[in-house]
Amino acid sequence: MCGIVGYLGDKNTKKILLDGLKELEYRGYDSAGIAVLQDGDFQSYKAVGKLLNLEEKTKDFITEKFAVGIGHTRWATHGKPTELNAHPHLGESSYVVHNGIIENYAELKKELQDDGVTFLSQTDTEVIVHQFEKNLQLTSSAFEAFEKTISELEGAYAILLVTKGESETIFFAKHGSPMLVGIDTQNDKYFASSDTPLIGHCSDVNYFDDGDYGYVTKEHIVVFDKEKQQKEPQFTKLATNKLSAQKDGYRFFMEKEIYEQSDVIADTLLGRVNDTEILFDELEDEFFNGIEEIKLCACGTSYHAALSASYLFERHSKIKTSVEIASEFRYREPIMHQDTLFVVISQSGETADTLETLKMAKNAGLKTLVICNVDNSSMVRLADASILTRAGVEKGVASTKAFATQVSIFWMLSLYLAQLRETLSREMIQEQITLLRAVPAAVKVDDTTHERIKRLSKRYLHGHGFFFIGRDIFFPLALEGALKLKEISYLHAEGYPSGEMKHGPIALADPELFTIALLPQNLLYEKTKSNVEELSARDSTICAISPITFDKADDFIQTKHHTSYMLEFFEMMVVVQLLSLEISVRLGNDVDMPRNLAKSVTVE
Ligand code: M6R
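Residues numbered from 1 in each chain as written. Predicted model: local features only at pLDDT ≥ 70, side-chain atom pairs only at ≥ 80, totals over all residues. Heavy atoms only, no water.

### Let's talk about the overall build of the chain
Helices and strands together make up the secondary structure of the chain, namely 18 helices and 25 strands. The C-alpha radius of gyration computed for the chain amounts to 26 Å, which stays within 12% of the reference 25 Å derived for 604 residues, consistent with globular compactness. Dimensions of the chain along its principal axes, counting C-alpha atoms only, are 80 × 55 × 45 Å. Taking all 604 residues of the chain together, the buried fraction comes to 59%. Of the contacts formed within the chain by residues at least 6 apart in sequence, a portion of 71% connects residues at least 24 apart. (Helix = DSSP H or I, 4+ residues; strand = E, 2+ residues; numbered from the N terminus. Rg over C-alpha atoms; globule rule 2.2 N^0.38 Å. Buried < 20%, exposed > 50% of the residue type's maximum accessible area, 1.4 Å probe, protein only. Contact = heavy atoms within 4.5 Å.)

Now the structure itself:
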């Protein structure tokens, strides 16, 4: 996701900004830019793609005396990843960088346009700089104009702004998006949206609170709180280890990524859901014309997301859907019809088997779509259309937030198709939209639940196997739970449809067989419950995950009473992820880099 850096001082500003942006690369981005004010003049550079492109553009730009500078890496939300949409954004004589979302940008933009202001980008950010310059005319100082501007913004933001009239100042504001400032031994000031760019420059930093705003100059750091009261910055020691700083205090990237799911799903939904409909700007209106069937193809966790999607497409969009494991599909001489939309799903966009199936489908003349987390990846470049999941960079080899965003996209896509094909009424779509909007809250990790899972995990470190069981869309979730556990605990685990246990696997039941039962209250509860009872009667050790207390279970993880099975799905997804994580931690395994596995499987 987006990253911010800023610097005010006598050192090599360009290098400090570019090095800082490099430290934020792990968050993911699709374009980057810097603006530097020295000797009263601005220089600004932007580039799409990797930072190397920006470095190339700035190679002759020299900054060896006092300057103020701001920089940004952008992960596109409002508007495509183009140079015009990259930050910093320019007004008449000021530049701004911003992380977050300005919710009332459309309203502010309209007023500014009515006043004759021309906008160059499609971003929400650009309104900040124009609003600031409008306020410069109405107030007696740049600081007052900035303060007024901040008070007019709604939404979440971390902002840095520089302006020619105050050429030795950086203005800042933080509300809902992280930002910190540090000073070095020469009293130079450094800003960033997370710790890592400051490590090595500053030993002490001040983390801004929500509502903080103010400015820094050569001599001062002036901070006001949300009540407009001036306050002293509170400096704390900065970590010296970059890797641990990137983990934001979590023990593992996987844990951080589980906790991030609420934010990344909110990003996934951004601009794609309004009060009444689902929108996919990335798809042409006629994209689905002539499509009678959908075939989904993927590997691993992405395959589980595809399986989940098949339930949603058939239920909501009433379209025949089949799902294939890519490594199987590519060698079985499949029959492909041109009325089939071929959809590949991949976190990385580089998985060799999945990529190959995409090529096969293209060669057979099928329309193709990729659901992917990495823009410009091989699959995104090859497919006819792509929908980006916006999960940000996923570092843990065991995929978590990528899966969460893939399923969110599929849920939206099933409703988008339902709109097009009129298979759900407007009221039903609106109901679903309300539920979709509740997903970020449903996946927020509850401390009590996490603590409970930590304690429970010690009872699940041995045994001769795990069965994760569930019905309907909870079956792919069971598969995913089992895969997570296998990958990082090295214990044998299988996902199974709960109704299928009695057709063989129940023969394994004994106290050393651990059953993790997904028992949602809103979908086939009684049916699943009786399958779990059959296992309990044969003395399998049961860990039930459900909102409804289940007295036949040895262990019970209580989830919330939601009104929809999809919200239960997302909450239970977090529970199985945390359970695998905690078992792996207790076993002393390398959670983020499990043995024998690679993040991106580019060989078949
Ligand atoms: O990048 P992809 O989504 O195409 O990767 C597919 C699988 O290799 C991947 O999901 C793998 O199963 C993960 N390690 C799961 O945690």
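### Observations concerning empty space enclosed by the protein
On inspection of all chains with the given rule, the structure shows two cavities of 30 Å³ or more. Space inside the largest cavity adds up to approximately 70 Å³. Around the largest cavity, the lining residues are Ala442, Lys444, Val445, Asp446, Thr449, Lys560, Glu571, Val574, Val575 and Leu578. Broken down by element, the residue count for the lining of the largest cavity peaks at four residues, all from helix α18 (residues 565–586). Within the lining of the largest cavity, the residues separate by chemical class into five nonpolar, one polar and four charged. Approximately 40 Å³ is the volume attributed to the second largest cavity. Residue lining of the second largest cavity: Val5, Gly6, Ile16, Gly20, Tyr190, Phe191, Pro197, Leu198 and His201, and that is the complete set. Within the residue set of the lining of the second largest cavity, elements represented by two or more residues are β1 (3–9), α1 (13–23) and β10 (189–192). Residues that form the lining of the second largest cavity fall into these classes: six nonpolar, three polar and no charged. (1 Å grid on protein atoms, 1.4 Å probe; cavity = no way out; pocket = protein on both sides within 12 Å on 5 of 7 lines; lining within 4 Å. Points joined across faces, edges and corners; volume = space filled by probe spheres on them. Nonpolar A, V, L, I, M, F, W, Y, C, P; charged D, E, K, R; others polar.)

### Side note on the sheet that holds strand β12 (residues 213–216)
Pairing is antiparallel across the open sheet formed by seven strands, whose spatial order is β5-β6-β7-β8-β12-β13-β14. Taken across any chain shown, the strands that pair with only one partner, and hence form the sheet edges, are β5 (89–90) and β14 (230–231). Relative to strand β7 (residues 155–163), strand β6 (residues 94–102) runs antiparallel, the two being bridged by nine bridges. Looking at the pairing, Tyr95 lines up with Val162 of β7. Those strands touched by helix α4 (residues 126–138) are β5, β6 and β7, and its axis lies near 125 degrees from that of β6. (Pairing = 2+ DSSP bridges. Axes fitted to C-alpha atoms, helices over the stretch in contact; angles between N-to-C directions.)

### Considerations on the packing of helix α16 (residues 474–489) against α18
Between α16 and α18, whose axes approach to 8 Å, the crossing angle comes to 15 degrees. Taken together, the axis directions place α16 and α18 in an arrangement best described as roughly parallel. Relative to α18, the crossing made by α16 is right-handed. Between α16, through Phe474, Leu477, Gly481, Lys484, Leu485, Ile488 and Ser489, and α18, the contact on the second element is made entirely by Tyr565, Glu568, Phe569, Met572, Met573, Val576, Ser580, Leu581, Ile583 and Ser584. When its residues are assigned to classes, the contact of α16 with α18 shows eleven nonpolar, four polar and two charged. (Parallel < 35°, antiparallel > 145°, perpendicular 65-115°, else oblique. Left-handed = near helix turned anticlockwise from the far one by under 90°.)

### Concerning the sheet that holds strand β20 (residues 385–388)
Strand order in the open sheet formed by five strands is β17-β16-β18-β19-β20, with parallel pairing between adjacent strands. Single-partner strands in this sheet number two, and they are β17 (320–325) and β20. In this sheet, adjacent strand axes meet at a mean angle of 20 degrees when their direction is disregarded. The pairing of strand β18 (residues 340–346) with strand β19 (residues 367–372) spans six bridges and is parallel. Its bridge partner being in β19, Val344 is matched across the sheet by Val370. In the packing of helix α8 (residues 300–317) onto the sheet, contacts are made with β16 (293–298), β17 and β18, and the angle to β17 comes to roughly 170 degrees.

### Some thoughts on the packing of aromatic side chains
Per the counting criterion, the structure on display carries 27 aromatic pairs. An aromatic cluster is present here, built from Phe132, Phe143, Phe146, Phe171, Tyr213, Tyr215 and Phe224 joined pairwise through their rings. Against the face of Phe287 rests Lys367, its NZ or CZ located 5.3 Å from the ring centre. The ring of Tyr490 carries the charged tip of Arg595 above its face, separated from the ring centre by 3.8 Å. (Phe/Tyr/Trp six-rings, centres within 6.5 Å; stacked < 30°, edge-to-face > 60°. Lys NZ or Arg CZ within 6 Å of the ring centre and 35° of its normal.)

### A look at unusual backbone geometry
A cis amide bond, omega 0 degrees, links His87 with the succeeding residue Pro88. Along the polypeptide, Pro88 turns up in the loop between β4 (67–74) and β5.

### Structural notes on the domain arrangement of the chain
Domain assignment breaks the chain into domain 1 (3–237), domain 2 (245–440) and domain 3 (445–604). Taking only C-alpha atoms, the centre of domain 2 and the centre of domain 3 are 24 Å apart. Across the boundary between the two partners, domain 2 contributes 41 residues, which contact 42 residues of domain 3. For the pair domain 2 and domain 3, the two sides together bury roughly 3,400 Å², of which 66% comes from carbon and sulfur. Taken together, domain 2 and domain 3 are joined by two salt bridges. Two residues, Asp472 and Arg315, come together in a salt bridge whose shortest N-O distance is 2.6 Å. Along the contact surface separating domain 2 from domain 3 lie 14 residue pairs in polar contact (both at pLDDT 80 or more). (Domains from an automatic or database assignment. Buried area = accessible area lost by both parts, 1.4 Å probe. Salt bridge = Lys/Arg side-chain N within 4 Å of Asp/Glu carboxyl O. Polar contact = N/O pair within 3.5 Å; in protein donor to acceptor, adjacent residues only side chain to side chain.)

### Focus on the environment of Thr434
Of note, Thr434 is situated in helix α13 (residues 426–437). Residue Thr434 is classed as exposed on the basis of its relative accessible area of 55%. Along the primary structure Thr434 and Tyr105 are separated by 329 residues, whereas in three dimensions their C-alpha atoms are 23 Å apart.

### Comments concerning the side chain of Thr400
Along the polypeptide, Thr400 turns up in the loop between β20 and α12 (401–421). Thr400 has contacts with Met254, Glu257, Ile258, Gln261, Glu394, Lys484 and Gln577, leaving out every residue within four places of it along the chain.

### Quick word on helix α5 (residues 142–152)
Helical geometry: 3.6 residues make up each α-helical turn, so side chains three or four residues apart lie on a common side. Looking at α5, one finds that the buried residues are Ala142, Phe143, Ala145, Phe146, Glu147, Thr149 and Ile150. The inward-facing, buried residues of α5 abut α4, β7, β8 (166–175), β12 and β13 (221–224).

### Overview of the site of the ligand
Contacts to the ligand come from 15 residues, most closely from Ser302, Ser346, Gln347, Thr351 and Glu487. In this structure, a nitrogen atom belonging to the ligand sits 3.2 Å away from a main-chain N or O atom of Val397. The separation between an oxygen atom of the ligand and a polar side-chain atom of Lys484 is 3.0 Å. When the ligand sits alone it has 410 Å² of accessible area, and the protein chains cover 90% of it. Those elements that place two or more of their residues in the shell around the ligand are α8 and α16. A per-class count over the shell around the ligand returns five nonpolar, eight polar and two charged. Residues lining the shell around the ligand come from more than one domain, with at least three contributed by each of domain 2 (245–440) and domain 3 (445–604). (Near = heavy atom within 4 Å. Areas by Shrake-Rupley, 256 points an atom, 1.4 Å probe, with all protein chains shown as cover.)

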